[in-house]
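Analysis of the macromolecular model
Letter by letter, the chains look like this.
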Amino acid sequence: MVTTPDYSIGEKSAVAFERARKLMPGGVNSPARAFGAVGGTPLFIEHAEGPYLFDIDGRRLIDYIGSWGPMILGHAHPEVIEAIVKAAERGTSYGAPTEAESELAEQIIAAVPSVEKVRLVNSGTEATMSAIRVARGATGRDKVIKFAGNYHGHVDSLLVAAGSSAATLGVPDSPGVTSGAVGDTIVLEYNDCEGIRNAFSEYTGQIAAVILEPVVGNMGCVPATAEFMKVLRETTAADGAILIFDEVMTGFRLSLGGAQQRYGVTPDMTTLGKIVGGGMPLGAYGGRGDIMDQVLPAGKVFQAGTLSGNPVAVAAGSTTLRLLRDDSPYDYLELIGERLENGLARAAAGAGIDHQVQRVGSMMTLFFNPDPVNNWTDADRSDRDKYARYFWGMIGEGVYLPCSQFEALFLSRTHSEAIIEETISAAEKVFQSLLD
Ligand code: KE4
């Protein structure tokens, strides 16, 4: 049973949540926000700026969720806001092609090594769902490999042994997902090279695609080993299967070219979301030109969307990518990421608390776990209750962490060094409170 400390949230959020629960399932539009893993009542946000959220009770919190990844430039970046307003004043949607979509497509193709052609969609889920369909259409094969603890959005065929709120809420195999929908989905253990080799020898010539988070955020932060990446790339190439990097979270986060640029491994297809839309609803999938030319109307694989390439979302995404390209934040994010990682580890060790801090760039997770976390089996052994108490203790100190042990925290370029020090001091205090 998850217990939370006696931390009373603001009156207004409690009233707002009661109202919301009568109107929307669980009072939220995405379960990750429902605080299901940490208990208590979610905070209702009034506005956000830079590294801060302001809740409806007037409290300011240092934000380490950043809308679950998109806000790498910080909330309400003036140039992004200006681009959104200007685009909206010209009309919010045309249902016809625009040059702005080509400009964003050129930015994505220039930045992401695997992408020769790209299709814009409206979410990460749409991107992964479409990429799977295209891989199956392009290869004429049915089976897909995914990994336990990896979350690729709520597409039926991938909503098995998923991570994020599926793992958090203990419903990795959701009601409503039929056995037919997942009959061709093979679930393996992340970082298990032997498992990959065995699957390809058992299903030679039958696997359309392997999809993975190249650095997992959705079971907490778990990077792929170099050996795992190498085996994945070699076995898929040898068998004619399509290797898909789901970079919805890592794209433009770990470098301008995402995890694939950071690790020097080029997949056949890549899915994108979050940062690519600058906080607006926008996803994308792309890859080798011969594969993407299978997509209607160039090819025969159907995929469509009323608001795909929407001018307002495109303006936000294009401005965000331009800013990331022209004024790179990645060295600074590495600096503050390392400082926060070391500070949290030092604070937890000082309190004698079993922990693992696992980080890649500006995404990281503190696991309440005595051992390194290399896959879902490891992650699942983490102490969920201790995480919930840590979460609420940090809220009490004005720090808003991911509301689940199985999520990554995210830094933005607006997180100052002083804010990092403030966060570490808060953690030192909270870890001590966990000892009683
Ligand atoms: P969306 O459909 O939520 O835009 O993207 C799905 C998705 C796909 N792939 C990866 C690697 C992802 O991390 C996600 C979404 N991530 C979660 C947070 N871990 C979104 C938060 C939520 O569901 O509210």
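All residue numbers refer to positions counted from 1 along the written sequence of the respective chain. In keeping with the predicted nature of the model, local features appear solely for residues at pLDDT of at least 70, side-chain atom pairs appear and are counted solely at 80 or more, and the whole-chain, interface and lining totals rest on all residues. Side-chain figures throughout are based on the complete set of non-hydrogen atoms in the structure, without hydrogens or water.

Across its full length, the protein chain holds 15 helices and 16 strands. With C-alpha atoms as the basis for the radius of gyration, the globule rule is written as 2.2 Å multiplied by the number of residues raised to the power 0.38. For a compact globule of 436 residues, the expected C-alpha radius of gyration is about 22 Å, and the protein chain comes in at 21 Å, within 12% of that figure. Along the three orthogonal principal directions, the C-alpha set of the protein chain runs to about 60 × 55 × 45 Å. Burial status follows relative accessibility: with a 1.4 Å probe on protein chains alone, a residue under 20% of its type maximum counts as buried, one over 50% as exposed, and anything between as partly exposed. Within the span of the protein chain, comprising 436 residues, buried residues form 58% of the whole. Where accessible areas are quoted, they stem from the Shrake-Rupley method and a 1.4 Å probe; at the residue level, only the protein chains shown are allowed to cover. Of the roughly 17300 Å² that the protein chain leaves accessible, carbon and sulfur atoms contribute 52%. Distance from the positive charge centre (35 side chains) to the negative charge centre (53 side chains) of the protein chain: 3 Å. Going along the chain from the N terminus, every DSSP run of H or I of four or more residues is numbered as a helix, and every run of E of two or more is numbered as a strand. His residues and chain termini do not enter the charge count, which takes Lys and Arg as positive and Asp and Glu as negative. To locate a charge, the coordinates of NZ of Lys, CZ of Arg, CG of Asp or CD of Glu are taken.

We now examine the environment of Ile65. Within the secondary structure, Ile65 is located in the loop between β3 (60–63) and α2 (78–89). C-alpha of Ile65 to C-alpha of Pro214: the two residues are 149 residues apart in sequence and 20 Å apart in space. Any pair of residues with heavy atoms lying within 4.5 Å of one another is described as a contacting pair. Once you skip the residues sitting within four places of it in the chain, Ile65 turns out to touch Tyr400, Leu401, Pro402, Cys403 and Phe410.

Before going further, it helps to examine the site of the ligand. For this purpose, a residue is taken to be near a molecule or strand whenever a single non-hydrogen atom of the residue falls within 4 Å of it. The immediate surroundings of the ligand are formed by 17 residues, with Ser30, Thr125, Asn218, Asp246 and Glu407 found nearest. Thr125 places a side-chain nitrogen or oxygen 2.6 Å from an oxygen atom of the ligand. A distance of 2.4 Å is found between a nitrogen atom of the ligand and a side-chain nitrogen or oxygen belonging to Asn218. Summarising the interface, the protein chains cover 88% of the accessible area of the ligand, which totals 540 Å² for the free molecule. Looking at the shell around the ligand residue by residue, the classes come out as five nonpolar, eight polar and four charged. We define a polar contact as two N or O atoms separated by no more than 3.5 Å, with the added condition that, inside protein, one atom must be a possible hydrogen donor and the other a possible acceptor, whereas residues neighbouring each other in sequence contribute only through side-chain atom pairs. Residues were grouped as follows: Ala, Val, Leu, Ile, Met, Phe, Trp, Tyr, Cys and Pro as nonpolar; Asp, Glu, Lys and Arg as charged; and all remaining residues, including Gly, as polar.

Here we take up the sheet that holds strand β15 (residues 399–400). Being paired, for any two strands, means DSSP has found at least two bridges between them. A sheet is described by the order of its strands in space; here four strands give the open sequence β1-β2-β3-β15, paired in mixed fashion. On the outer flanks of this sheet lie β1 (45–49) and β15, each paired with one strand and no other. Of the pairings in the sheet, the one linking β1 to strand β2 (residues 52–55) comprises four bridges and is antiparallel in character. Of the residues in β2, the one forming a bridge with Ala48 is Leu53. For every element, the axis is a line fit to its C-alpha atoms; helices are fit only across the contacting stretch, and the angle between N-to-C directions ranges from 0 to 180 degrees. Contacting β2, β3 and β15, helix α15 (residues 417–433) runs over the sheet at an angle of about 100 degrees to β3.

Right, let's get into the sheet that holds strand β10 (residues 242–246). In space, the seven strands of this open sheet follow the order β4-β12-β11-β10-β7-β5-β6, with mixed pairing throughout. Each edge of the open sheet carries a strand with a single partner, namely β4 (117–121) and β6 (185–188). Between one strand and the next, the sheet's axes are offset by a mean angle of 20 degrees, whatever the strand orientation. Sheet topology note: the β10/strand β11 (residues 269–272) ladder contains three bridges and is parallel. By the bridge assignment for β11, Phe245 is matched with Thr270. Relative to the sheet, helix α3 (residues 99–111) contacts β4, β11 and β12 (283–287), its axis offset from that of β4 by approximately 125 degrees.

Moving on, we come to the domain arrangement of the protein chain. Residue ranges for the domains trace back to a domain assignment, done automatically or taken from a database. For the protein chain, the assigned domains read domain 1 (11–72 + 329–434) and domain 2 (78–326). Computed from C-alpha coordinates alone, the two centres of domain 1 and domain 2 are separated by 25 Å. At the interface, 34 residues of domain 1 touch 33 residues of domain 2. When domain 1 packs against domain 2, the two sides together hide about 2600 Å² of surface, and 62% of this comes from carbon and sulfur. Put simply, a salt bridge is a Lys or Arg side-chain nitrogen that is within 4 Å of an Asp or Glu carboxyl oxygen. Taken together, domain 1 and domain 2 are joined by one salt bridge. In this structure, Arg262 and Glu334 form a salt bridge, with 3.2 Å as the shortest nitrogen-oxygen distance. Elements with a contribution of two residues or more to the side of domain 1 that touches domain 2: α12 (330–350), β13 (356–360), β14 (363–367) and α13 (376–379). Among the elements that take part in the side of domain 1 that touches domain 2, β14 stands out by supplying four residues, more than any other. Broken down by class, the residue content of the side of domain 1 that touches domain 2 amounts to 20 nonpolar, eleven polar and three charged. The term buried area refers to how much accessible surface (probe radius 1.4 Å) is lost by two components on association, counted for both of them together.

We place a 1 Å grid over just the protein atoms. Points where a 1.4 Å probe fits but has no way out form a cavity, open points with protein on both sides within 12 Å along at least 5 of 7 lines form a pocket, and any residue with an atom within 4 Å of a point lines it. Grid points are joined across faces, edges and corners, and a volume is the space filled by probe spheres set on the points. As enumerated under the stated definition, the model contains three cavities of 30 Å³ or more in all. Contributions of two or more residues to the lining of the largest cavity are made by β14 and α14 (384–396). Element by element, the count of residues in the lining of the largest cavity is highest for β14, at three residues. Residues of the lining of the largest cavity, tallied by class, amount to nine nonpolar, three polar and one charged.

Turning to the pairing of β13, a few remarks are in order. The side chains of a regular strand alternate between the sheet's two faces. Most of β13 sits inside the fold, with five of its five residues counted as buried. Residues Gln356, Gln358 and Val360 line one face of β13 and the alternating positions Val357 and Arg359 line the opposite face, and both faces are buried. Direction of pairing for β13 relative to β14: antiparallel, over a ladder of five bridges. Paired with Val360 across the bridge in β14 is Met363.

This next bit is on the environment of Ala347. With respect to the helices and strands, Ala347 occurs in helix α12. Judged by its relative accessible area of 7%, Ala347 is buried. Once residues lying within four places of it in the same chain are set aside, the contact partners of Ala347 are Ala427, Glu428 and Phe431.

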